[in-house]
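Here is how the chains run, residue by residue.
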Amino acid sequence: MTPSTAYGSLMLQAAGVLRLRYVNCDQDRGLSPAAANELADIFESLSYGDPAFDQIDPNEAIALAHRLLDDDNPELSRLWPRTP
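The rules behind the values
- Residues numbered from 1 in each chain as written.
- Predicted model: local features only at pLDDT ≥ 70, side-chain atom pairs only at ≥ 80, totals over all residues.
- Heavy atoms only, no water.
- Helix = DSSP H or I, 4+ residues; strand = E, 2+ residues; numbered from the N terminus.
- Buried < 20%, exposed > 50% of the residue type's maximum accessible area, 1.4 Å probe, protein only.
- Contact = heavy atoms within 4.5 Å.
- Salt bridge = Lys/Arg side-chain N within 4 Å of Asp/Glu carboxyl O.
- Polar contact = N/O pair within 3.5 Å; in protein donor to acceptor, adjacent residues only side chain to side chain.

Undergrad: Explain the overall build of the chain to me, and be specific about the residues and the numbers.
TA: The number of helices and strands found in the chain is three helices and zero strands. Ordering the α and β elements of the chain from the N terminus gives α-α-α. Classification of the 84 residues of the chain by burial places 35% in the buried group. Considering only residue pairs separated by 6 or more positions, the chain has 55% of its internal contacts joining residues 24 or more positions apart.

Listed below in structure tokens is the structure:
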């Protein structure tokens, strides 16, 4: 199943970037592989319209996705996982 909207496609692209940069890479980019994988799962769920994630502001998700794709300080987003 593939997403039928530009929003869904963008969310899938963001999930892929998260997994590529933060889960599969060996370099320290300030986000643990587990946290990156969890956020990627959220993006994938958003791409398919999972109602469990309806509370997430779509505008914030779009902004974070663009930051991820552009590699432009994604940690500034409110959706970015915070480290203790």
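Undergrad: Kindly report on the pattern of salt bridges, identifying the contributing residues and their values.
TA: Opposite charge on two side chains permits them to pair, given that their charged atoms come into close proximity. Tallied over the entire structure, the rule returns four salt bridges. A salt bridge links Glu44 to Arg19, with the nearest nitrogen and oxygen atoms 2.7 Å apart. Highlighted residues: Glu44 in helix α2 (residues 33-47) and Arg19 in helix α1 (residues 6-23), separated in sequence by 25 residues. Here Glu44 falls in the partly exposed class, since its relative accessible area comes to 29%. Taken together, the salt bridges that share partners define one network made up of Arg19, Asp41 and Glu44.

Undergrad: Hey, could you go over the side chain of Arg21 for me, with residue numbers and the actual values?
TA: When you line up the elements, Arg21 lands in helix α1. Assessed through its relative accessible area of 16%, Arg21 is described here as buried. Engagement of the side chain of Arg21 in a polar contact is seen with the backbone oxygen of Leu68, the distance being 2.4 Å.

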